[in-house]
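# Geometric and topological summary
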Amino acid sequence: VIRFIQGFGLFMIGTGMYILSQELLPGRYRNYINGLTMSLWAIGYPLGSLIGYFCNDWNAMFLVGSIVLAITCIPAVFAIESPRYYLVKGNIKGAKASLKTLARLNNMDLDLDNITITVESDQGRKQDFMQQMRDFYEYPILLIETLIQMFCWFVVAMSYYGFNFGWGSIVPDLYVAYVLAMVGELIGYLGTIVLVSHLGRRESLFLLFLLTGVCYLVAIPVVPFGSGGWSLESVMCLLGVIFVSGCFSGVYLYTSELAPTSHRGLVFCWSSSCARIGSFLGPFIFNNLFKITHKAVPLGVLAVLTVVCGLGLLGLVETDGQPIATTAQDVVERRKLHKYRI
């Protein structure tokens, strides 16, 4: 029961702090901070494995993890609430208070008391769960964009956690695999910063999904490398970690900018829930289906899913350099400038 509560709270904290940081950051810094934040994932998994290697007692491992989590929660107490959130809720006073704090942190002298702040779109809108659900019906494009993002999160998590919990059946030495996976993930996360800076959010993700699918397909032929247990599959899966990590980083950034402020938390929760399902199926595919079917079946299915994700992204808008939507009405207005191109 305690582990269930711990897992429930862990993702709420992580998702909430990520959304808050993205809403507080200027647009030109989001890509860089997103990539650096995701790099912590690459370091965290091997550290967890290292703790497990030296400490076989489950209670001690859980205690260490809880202490680390408790320490990382401290900044949340002092975090500034997002002005965007206050504006969506119609709390102009709260928005000004947050802006004043941000101004002081940046050594700016702003007289916000004599400035009138209004939200131009959806005047009189009441922000609550029922209104959010009605928005999906009244603005179908919001629903379509959300469904595409949920599917991408599902496939990314399936691949990402499939790799991380399936190394024992892919690479000869489990611990060597995790070290190499950490290096691959760091390359993927940091490389995605550069890629997104040059190609934008949508086109970068499109390319990363396609490359992930190619890695799956190339891994199908049985080509052993020497007598140490290495094969073409091992190498391609390690290479695939670079691209799927880039996808992982990219969907976080893209979702934070695609979803309007009025629905960002809800979209993240739904997308993350789909990712949890994918994270369960991924290890099952890598550890179980490989044993009862030809490996072309699971690898082929994963290749098709990643390619479908890449193609689905072409129906979304590019958010690089664009203002973040506040409400569903802004999502509709944003798509008027959208062009379907690669």
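Applying the stated criterion across every chain, the model contains 10 aromatic pairs. Here the aromatic rings of Y18 and Y252 are separated by 5.0 Å at their centres, their planes lie at 80°, and the arrangement is edge-to-face. Here Y18 is found in helix α1 (residues 2-24), whereas its partner Y252 is found in helix α11 (residues 232-258), with 234 residues between them in sequence. Each member of the pair Y18 and Y252 is classed as buried.

A few words now on unusual backbone geometry. Among all residues except glycine, the phi angle is most often negative; among peptide bonds, the trans geometry is most common. At N107, a position not held by glycine, the phi torsion is positive, near 55°. Within the secondary structure, N107 sits in the loop between α5 (92-105) and α6 (129-138). Look at N107 and you get exposed, because its relative accessible area is 74%.

A few words on the pattern of salt bridges. Under the defined criterion, the tally for this structure stands at six salt bridges. One salt bridge connects R264 with E23, and the closest N-O pair in it is separated by 2.4 Å. Of this pair, R264 sits in helix α12 (residues 264-292) while E23 sits in helix α1, and the two are 241 residues apart along the sequence. E23 matches R264 in its accessibility class, with the two residues each being buried.

Moving on to the environment of L25. Looking at the secondary structure, you find L25 in the loop between α1 and α2 (27-54). For the pair formed by L25 and S82, sequence separation is 57 residues and the distance between their alpha carbons is 9.8 Å. Aside from chain neighbours lying at most four places away, what touches L25 is R30 and I33.

Conventions used here
- Residues numbered from 1 in each chain as written.
- Predicted model: local features only at pLDDT ≥ 70, side-chain atom pairs only at ≥ 80, totals over all residues.
- Heavy atoms only, no water.
- Phe/Tyr/Trp six-rings, centres within 6.5 Å; stacked < 30°, edge-to-face > 60°.
- Helix = DSSP H or I, 4+ residues; strand = E, 2+ residues; numbered from the N terminus.
- Buried < 20%, exposed > 50% of the residue type's maximum accessible area, 1.4 Å probe, protein only.
- Salt bridge = Lys/Arg side-chain N within 4 Å of Asp/Glu carboxyl O.
- Contact = heavy atoms within 4.5 Å.

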